[in-house]
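# Report on the structure
Given next are the chains, with one letter for each unit.
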Amino acid sequence: MSGKTTYYESENGVHYAQFDSDCELPMLSRLEFCATVRRLENGTLQLQPKFKGRKSRSRAITLFRTRHICVSLGIDRRVRIMLSAPESDIRNLPLYIMEEVPQVVNYIYEFNEKIKNF
């Protein structure tokens, strides 16, 4: 579609782009979307929509959990171990690891034995 695009910035810093078509168009419904706007060297504007797609939830299965450690099985059949603690409690993280890792290791050993028996 050919036409003229006017691009300007208001006094309060808001950027506007207005397109006026060379031909008569039927009335279109309003279209709103987030986009990255680039002004090319030849003066044209390029709009690239930003898709806000839904955040996907993890489909991992929690196998074992302690207060700070979680063992899960992902859909790719990989076992993952995640350690988490509040930033304000980070100085105690070594203690949490020493207390909870033996429980996690024991669980993984037992989990491995169960898999062998199937």
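In case you missed it, the structure is sitting above this.
Below is a short write-up of the structure. Note that the structure is predicted; figures quoted are calculated from it, not measured.

The next thing to look at is a nonpolar patch on the surface. A contiguous nonpolar patch, built from Tyr7, Leu31, Phe33, Val37 and Leu47 and spanning about 520 Å² of accessible area, is present on the exposed surface. On the accessibility criterion, Leu31 (66% relative accessible area) is exposed.

In terms of burial, strand 6 (residues 69-73) is a largely internal element, 5 of the 5 residues being buried. Neither face of strand 6 is open: one carries Ile69, Val71 and Leu73, the other Cys70 and Ser72, and all of them are buried. As judged from the 4 bridges shared by strand 5 (residues 61-65) and strand 6, these two strands associate in the antiparallel manner. Its bridge partner lying in strand 6, Phe64 is registered against Val71. Between strand 5 and strand 6, which pair antiparallel and follow one another directly, the connecting turn spans 3 residues.

It is worth spelling out the packing of aromatic side chains at this point. By the definition in use, this model includes 2 aromatic pairs. Ring plane angle 10° and centroid distance 4.8 Å describe the contact between Phe64 and Tyr107, whose orientation is recorded as stacked. You can see Phe64 sitting in strand 5 and its partner Tyr107 sitting in helix 1 (residues 93-117), a full 43 residues away along the chain. With 6.0 Å between their ring centres and 25° between their planes, Tyr107 and Phe111 make a pair best called stacked. With Tyr107 and Phe111 both in helix 1 and 4 residues apart, this pair spans about one turn of that helix. Judged by its relative accessible area of 16%, Tyr107 falls in the buried class.

Basis of the calculations
- Here the residue index of a chain counts from 1 through its sequence in written order.
- Reporting of local features is limited, given that this is a predicted model, to residues whose pLDDT is at least 70; pairs of side-chain atoms are given and counted only at 80 or more, and all residues count toward the totals for whole chains, interfaces and linings.
- The side-chain figures draw on all heavy atoms in the structure; neither hydrogens nor water molecules are used.
- Think of a patch as exposed residues, more than 30% relative accessible area, with no salt bridge, where like charges cluster within 9 Å and nonpolar side chains (Val, Leu, Ile, Met, Phe, Trp, Tyr) cluster within 5 Å.
- Each accessible area is a Shrake-Rupley estimate made with a 1.4 Å probe; only the visible protein chains count as cover when residues are assessed.
- By definition here, a salt bridge exists when the distance from a side-chain nitrogen of Lys or Arg to a carboxyl oxygen of Asp or Glu is within 4 Å.
- Relative accessibility decides the category of a residue: with a 1.4 Å probe and only protein chains considered, values under 20% of the type maximum give buried, values over 50% give exposed, and everything between is partly exposed.
- Here a strand is any run of E in DSSP of at least two residues, a helix any run of H or I of at least four, and the numbering for each starts at the N terminus.
- Any two strands with at least two DSSP bridges between them are considered paired.
- Two aromatic rings from Phe, Tyr or Trp, using only the six-membered ring of Trp, form a pair when their centres are within 6.5 Å; if the ring planes differ by under 30 degrees the pair is stacked, by over 60 it is edge-to-face, and anything between is tilted.

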